[in-house]
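Now for the letters of each chain:
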Amino acid sequence: MKDNIVAWKNGVKDGVPILLGYFAVSFTFGIMAKNAGLTPFEAVFMSITNLTSAGQFAALGIISASSTYFEMAVTQFILNLRYCLMSCSISQKLDSQKNFWHRFLVAFGVTDEIFGVSVCKNGTLNPFYNYGLMSAAIPGWTLGTLLGVLSGSILPDRIISALSIAIYGMFLAVIIPPARGNKLLACIIMISMLMSLLFTKLSVFSWISGGFKIIILTVLIAGIAALLFPIKEENEEELTDFSEQSAQAAASRGGAK
Amino acid sequence: MSHNIYIYILVMAGVTYLIRLLPLTLIRKEIKNNYIKSFLYYVPFVTLAVMTFPAILDATANRWAALGGFIVAVLLAFRGQSLFKVSLLACLSVFVIELII
């Protein structure tokens, strides 16, 4: 019991940077949600039930365009498929002594940032550590959303314009650091951006909605990349747990890359 | 055909939660298939890159300011700065550039 409280407190402490980052991004989300015609309650309800940055931003476009529920489901599935890998990783790190039901709560808080912080912990993972991270991150995400919707119209246009780039800044901060010193990853990122530009500019592709553009390009580029360049351990700076596993696998194969 | 916003939200919440929950509860063993592992590894990079560019250029009121913010964000991210710092300084550069232009 005492261990759980200590783990929870550590989680809250480590969660503060996540809280600040989420606040800035969700504030922008709130502004964009308001522009997309959502009420404050709808925007906060979406944030508290989803807790996913890219998925929620994409959802606004789908709702504005009044696309089908099916397109919404497929877009969320593709955009958030990465959580699947993260959950796999966390499932192998979670303390197996703890009750099985903890996994249902931990699952709710699997985001890029919470995953990144929690899998870097040494040893097994106490679910209460994740609850600590969530206790900091979720209020940051929902409060930022609320304030964004409410004050979006009060803030001057200049500030709104400046804040609108925050989410993209965060995305770049997620994908670029692992690409340093990894030419393959850097190439894949550049090809993705180039293809995205082509899809946006060429009239041949103009009938494809934004959501499906992301789906098609992701499946295509990640699918081909996985075929041509199966991952090696040094690619996985970000996914610590998996790199350990790959390193073990490599060791068991006699150290072959 | 009009759509209910709460059904949209529940659809996305349901899909997203299941993606997070199923591996945690069902798959207790390590994923062995290297193709699936590789595909899942590349997904966030491709998805986020596709979402960022060229959409970032239309995000702000002025396209040159957005380009400036984009360059600042790439440089800071390349130097390994935190999410918070990269985001905030990209915003700040957009603000300053729009002030000048």
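All of these numbers come straight from a predicted model, not from anything done at the bench. (Residues numbered from 1 in each chain as written. Chains lettered and ligands numbered in written order. Predicted model: local features only at pLDDT ≥ 70, side-chain atom pairs only at ≥ 80, totals over all residues. Heavy atoms only, no water.)

Turning our attention to the overall build of chain B. Each helix and strand in chain B was counted, giving four helices and zero strands. Within the span of chain B, comprising 101 residues, buried residues form 50% of the whole. Relative to all contacts within chain B whose residues are 6 or more apart in sequence, the contacts with residues 24 or more apart total 42%. (Helix = DSSP H or I, 4+ residues; strand = E, 2+ residues; numbered from the N terminus. Buried < 20%, exposed > 50% of the residue type's maximum accessible area, 1.4 Å probe, protein only. Contact = heavy atoms within 4.5 Å.)

Overall, the predicted model of chain B reaches an average pLDDT of 87, with 93% of residues at or above 70. Averaged over each element, pLDDT in chain B is lowest for helix α2 (residues 34–52) of chain B (83) and highest for helix α3 (residues 63–78) of chain B (95). (pLDDT = per-residue confidence, 0-100.)

Here the structure, examined in full by the defined rule, presents 13 aromatic pairs over all chains. Plain terms: the ring middles of Tyr69(A) and Tyr8(B) are 5.0 Å apart, the flat faces sit at 65° to each other, and that makes the pair edge-to-face. A residue pair is termed interchain when its members come from two chains, as with Tyr69(A) in helix α4 (residues 69–79) and Tyr8(B) in helix α1 (residues 5–25). A relative accessible area of 25% places Tyr69(A) in the partly exposed class. Taking the relative accessible area as the measure of exposure, Tyr8(B) reaches 2% and is therefore buried. Each residue in the set Phe41(A), Phe45(A) and Tyr6(B) is aromatic and connected to the rest through ring pairs, giving one cluster. The aromatic ring of Tyr83(A) is capped on one face by Arg20(B), whose charged end is 4.4 Å from the ring centroid. (Phe/Tyr/Trp six-rings, centres within 6.5 Å; stacked < 30°, edge-to-face > 60°. Lys NZ or Arg CZ within 6 Å of the ring centre and 35° of its normal.)

What follows deals with unusual backbone geometry. Following Phe53(B), the chain continues into Pro54(B) via a peptide bond in cis, with omega recorded as 5°. Along the chain, the position of Pro54(B) falls in the loop between α2 and α3.

Quick look at the interface of chain A and chain B now. Residue-level contacts link 100 residues of chain A with 71 residues of chain B. Between chain A and chain B, a total of about 7,900 Å² is buried, with carbon and sulfur atoms accounting for 76% of that surface. Summed over the shared surface of chain A and chain B, the result is 21 residue pairs in polar contact (both at pLDDT 80 or more). For the side of chain A that touches chain B, the leading source of residues is helix α12 (residues 210–228) of chain A, giving 11 residues. Residue composition of the side of chain A that touches chain B, grouped by class: 65 nonpolar, 26 polar and nine charged. (Buried area = accessible area lost by both parts, 1.4 Å probe. Polar contact = N/O pair within 3.5 Å; in protein donor to acceptor, adjacent residues only side chain to side chain. Nonpolar A, V, L, I, M, F, W, Y, C, P; charged D, E, K, R; others polar.)

Right, let's get into the nonpolar core. Of all hydrophobic cores here, the largest spans 101 residues; its most connected members are Leu38(A), Met46(A), Ile90(A), Phe171(A), Ile175(A), Tyr42(B) and Ile56(B). With 11 residues, the top contributor of residues to this core is α2(B). Residue contributions to this core reach at least three from each of two domains, namely domain 1 (1–175) and domain 2 (176–257) of chain A. When sequence neighbours within four positions are dropped, the list of residues in contact with Leu38(A) reads Ala33(A), Ala43(A), Met46(A), Leu60(A), Ile63(A) and Ile5(B). (Core = buried A, V, L, I, M, F, W, Y, C linked by side-chain atoms within 4.5 Å. Domains from an automatic or database assignment.)

Let us now look at the packing of α3(B) against helix α4 (residues 83–100) of chain B. Residues and elements named next belong to chain B. The interhelical angle for the contact between α3 and α4, taken along N-to-C directions, is 150°, at an axis separation of 8 Å. Relative to α4, the element α3 is oriented roughly antiparallel. Viewed along their axes, α3 and α4 form a crossing whose handedness is right-handed. Here α3 contributes Ala-65, Ala-66, Gly-68, Gly-69, Val-72, Ala-73, Leu-76 and Ala-77 to the contact with α4, which in turn contributes Val-86, Leu-89, Ala-90, Ser-93, Val-94, Ile-97 and Glu-98. (Axes fitted to C-alpha atoms, helices over the stretch in contact; angles between N-to-C directions. Parallel < 35°, antiparallel > 145°, perpendicular 65-115°, else oblique. Left-handed = near helix turned anticlockwise from the far one by under 90°.)

Moving on: the side chain of Thr28(A). By the element assignment, Thr28(A) lies in helix α1 (residues 2–35). In this view, Thr28(A) contacts Phe57(A), Leu163(A), Ser164(A) and Ala166(A); residues no more than four positions away in its chain are not counted.

Once that is clear, we can look at the environment of Leu24(B). Among the structural elements, Leu24(B) can be located in helix α1. Ignoring sequence-local partners within four residues, the contact set of Leu24(B) consists of Ser87(A), Ile90(A), Ser91(A), Leu94(A), Arg103(A), Val106(A), Ala107(A) and Val110(A).

Residue and element names in this part refer to chain A. For the pair helix α3 (residues 53–64) and α4, the least separation of the axes is 10 Å and the interaxial angle reads 160°. Taken together, the axis directions place α3 and α4 in an arrangement best described as roughly antiparallel. With respect to the hand of their crossing, α3 and α4 are arranged in right-handed fashion. Note on element contacts: α4 touches α3 through Glu-71, Met-72, Thr-75, Gln-76 and Leu-79, opposite Ala-54, Gly-55, Ala-58, Ala-59, Ile-62 and Ile-63. Taken together, the residues of the contact of α3 with α4 sort by class into seven nonpolar, three polar and one charged.

Time to look at the side chain of Ser87(A). Tracing the backbone through its elements, the reader meets Ser87(A) in helix α5 (residues 82–93). Reaching out from Ser87(A), the side chain makes a polar contact with the backbone oxygen of Arg20(B) at a distance of 2.7 Å. Excluding residues that lie within four positions of it along the chain, Ser87(A) makes contacts with Val110(A), Ile19(B), Arg20(B), Pro23(B) and Leu24(B).

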